[in-house]
Amino acid sequence: MMDLYRFMGIEKKVYEFGCQVWEGLRERFDQIDTISEYNQLKVLKAMQENKVSEACLYGSTGYGYHDLGRDTLEKVYASLFGGEDALVRPQITCGTHALSTALSGNLRPGDELFSPVGKPYDTLEEIIGIRPSRGSLAEYGVTYRQVELLKDGSFDYEKIKESIHEKTKIALIQRSKGYQSRPTLSVNRIRDLIQFMKSIKEDLICLVDNCYGEFVEKEEPLRAGADLVVGSLIKNPGGGLAPIGGYIVGKKEYIENSACRLISPGLGKEVGASLSVLPSFYQGLFFAPIVVAGALKTAIFAANLYEKLGFRVEPSGTESRHDIIQSVELGKKEAVLAFCRGIQSASPIDSFVTPEPWAMPGYDNDVIMAAGTFISGASIELSADAPIRPPYTVYFQGALTWQHGKFGILMSLQKLVDAKILTF
Ligand SMILES: *Cc1c(COP(=O)(O)O)cnc(C)c1O
């Protein structure tokens, strides 16, 4: 084994340090395997209950009327996540689009959208109109309000209570911290928050941005009282196989509203050919619990490895996990470049290219991105990115297998050693 690692560019001392870190994580990894076993059974149960058949894999063209595979897949998602109905489509182009569809489908002029957990994910700012944008909810007369989390990361119940009023239609709850430095919400914390908000306004629609959270825990937010959950298929639930897509699951009426926005009023869920994506949607969902487990192990391995080397990591090596994102504060630009180049050179695709920091639309600083993925931009695959600014924090996520994740993290460390940023 060590010979092969050495042949692939990992020195003995780096490999041995990695093994030592891994030894301390066996129990933790066992717990992750138990959760993935539970979720694997849940996926199977949903597929069996809804009688997924060979015919479901064929797909449709044109208008896509009576698309058995598409309609059955939506029933599978509804059963699995605990909703009445679902919209799972290749016509939903990404997570941002899924969120935009669910929000604009269910909000009307004069309504207010409310975030009880602070600023939402960057791309949501333009959907809402926090940053003025063409076609934003603000342009359609939907107002927005948010309440920050308290300093210790807890909910500001008092301010939340003051902020919910007659016009408040949807509460947007982002489960993952994304690329912010607040804690990610556990499903239990989401339950507390929803119970509190519904005690103030019973008919408030609680919508959870579930990106990066699927299958990390045993239960999903609909079981915690949410009305809608929304996510991307090129993250967790696509299992690395879905080449595009998003999902919205929840109350029937809200799914119908979303479908009428996605497709057209009057057409709704009945239209939308699945083309040839269904096998990857089904099989990706089938693999997803195992893939998410690999991504979680990779994140926990990296957190412990870099923590041992004296870097600040978030979440910490021992904290409980509610999403697959990991950050490491590397302290200087050269370290960020070395880390990202390690991830890139460990990839199955484009391992020979060197990522460089570059100006990107929507960012104030240059950004470096490392990704050698089968599906372009899929962040369930091992990928890392970092804005080039103090404190030089790199964010990474994914790995389709734990074995690849381990190699990628060891390679990031090797590049730090090669650049003489670290010595053993
Ligand atoms: C990724 C992500 C989104 C947006 O998804 P895209 O597929 O990148 O458009 C929204 N919210 C959160 C929390 C995310 O992690």
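Placed above this text is the structure.
An account of the accompanying structure is given in this report. (Residues numbered from 1 in each chain as written. Predicted model: local features only at pLDDT ≥ 70, side-chain atom pairs only at ≥ 80, totals over all residues. Heavy atoms only, no water.)

It is worth spelling out the overall build of the chain at this point. Counting its regular elements, the chain contains 12 helices and 13 strands. By principal-axis analysis of the C-alpha atoms, the chain measures approximately 65 × 50 × 40 Å. Residues counted as buried form 57% of the 424 residues belonging to the chain. For the chain, long-range pairs separated by at least 24 residues make up 70% of all intrachain contacts whose partners lie at least 6 apart in sequence. Counting 46 positive and 52 negative side-chain charges, the chain places the averaged centre of each group 1 Å from the other. (Helix = DSSP H or I, 4+ residues; strand = E, 2+ residues; numbered from the N terminus. Buried < 20%, exposed > 50% of the residue type's maximum accessible area, 1.4 Å probe, protein only. Contact = heavy atoms within 4.5 Å. Lys, Arg positive; Asp, Glu negative; His and termini not counted. Charge placed at Lys NZ, Arg CZ, Asp CG, Glu CD.)

A few words on the nonpolar core. One finds Tyr77, Phe81, Ile173, Met197, Leu305, Tyr306 and Leu330 to be the most contacted residues of the largest nonpolar core, which totals 100 residues. The element that contributes the greatest number of residues to this core is helix H10 (residues 278-308), accounting for 16 residues. Once residues within four sequence positions are removed from consideration, phenylalanine 81 is found in contact with Asn210, Glu214, Phe215, Glu220, Leu222, Arg223, Val229, Tyr247 and Val249. Leu103, Val142, Ile170 and Leu262 belong to the second largest nonpolar core, which has 24 residues in total. (Core = buried A, V, L, I, M, F, W, Y, C linked by side-chain atoms within 4.5 Å.)

What follows covers the site of the ligand. Around the ligand, the surrounding shell consists of Cys94, Gly95, Thr96, Leu99, Tyr121, Gln174, Asp209, Cys211, Tyr212, Ser232 and Lys235. Within the contact set of the ligand, a nitrogen atom lies 2.6 Å away from a side-chain nitrogen or oxygen of aspartate 209. Top element by residues in the shell around the ligand is helix H5 (residues 95-106). It accounts for 3 residues. In terms of residue class, the shell around the ligand is built from 5 nonpolar, 4 polar and 2 charged. (Near = heavy atom within 4 Å. Polar contact = N/O pair within 3.5 Å; in protein donor to acceptor, adjacent residues only side chain to side chain. Nonpolar A, V, L, I, M, F, W, Y, C, P; charged D, E, K, R; others polar.)

So, about the packing of aromatic side chains. According to the stated counting rule, one finds 16 aromatic pairs in the structure shown. Plain terms: the ring middles of tyrosine 77 and phenylalanine 81 are 5.6 Å apart, the flat faces sit at 15° to each other, and that makes the pair stacked. Linking tyrosine 77 with phenylalanine 81, this pair stays in helix H4 (residues 68-81), spanning 4 residues, or about one helical turn. The burial state of tyrosine 77 is the same as that of phenylalanine 81; both residues are buried. Here phenylalanine 286 and phenylalanine 287 contribute two aromatic rings whose centre-to-centre distance is 5.8 Å and whose plane-to-plane angle is 65°, an arrangement assigned as edge-to-face. Under the relative-accessibility criterion, phenylalanine 286 is labelled partly exposed at 30%. (Phe/Tyr/Trp six-rings, centres within 6.5 Å; stacked < 30°, edge-to-face > 60°.)

Right, let's talk about unusual backbone geometry for a bit. The omega torsion of the bond from glutamate 314 to proline 315 falls at -5°, within 30 degrees of zero and hence cis. Checked against the element boundaries, proline 315 lands in the loop between strand E8 (312-314) and strand E9 (326-329). A positive phi angle, near 50°, is found at histidine 66, a position not held by glycine. Looking at the element boundaries, histidine 66 is found in the loop between helix H3 (26-49) and H4. On the basis of relative accessible area, histidine 66 is assigned to the exposed category, the value being 77%. For alanine 399, which is not a glycine, the phi torsion comes out positive at approximately 125°. With respect to the secondary-structure elements, alanine 399 resides in the loop between strand E13 (393-397) and helix H12 (402-418). Note on alanine 399: relative accessible area 0%, which makes it buried.

Another point: the pairing of strand E4 (residues 168-174). In terms of residue burial, E4 counts as a mostly covered element, since 6 of its 7 residues are buried. Two elements, strand E2 (residues 112-115) and E4, share 3 bridges in a ladder whose sense is parallel. Residue pairing in the sheet places glutamate 112 in a bridge with threonine 168 of E4. Two elements, E4 and strand E5 (residues 205-209), share 5 bridges in a ladder whose sense is parallel. The residue of E5 that forms the bridge with leucine 172 is leucine 207. (Pairing = 2+ DSSP bridges.)

To continue, consider the pattern of salt bridges. Counting across every chain of the model gives 28 salt bridges. Where lysine 13 meets glutamate 11, a salt bridge forms, and the shortest distance between an N and an O atom there is 3.3 Å. Note on lysine 13: relative accessible area 38%, which makes it partly exposed. For arginine 312, the salt bridge identified is with glutamate 314, shortest N-O distance 3.6 Å. By relative accessible area, which is 18% here, glutamate 314 ends up buried. The network of salt bridges with shared partners includes Glu74, Asp85, Arg89, Lys252 and Lys269. (Salt bridge = Lys/Arg side-chain N within 4 Å of Asp/Glu carboxyl O.)

The next thing to look at is the sheet that holds E8. Spatial ordering of the open sheet is given by E8-E9-E13-E12-E11-E10, a layout of 6 strands whose pairing is antiparallel. Single-partner strands in this sheet number two, and they are E8 and strand E10 (358-359). Of the pairings in the sheet, the one linking strand E12 (residues 383-387) to E13 comprises 3 bridges and is antiparallel in character. Bridge pairing in E13 places alanine 384 opposite phenylalanine 396.

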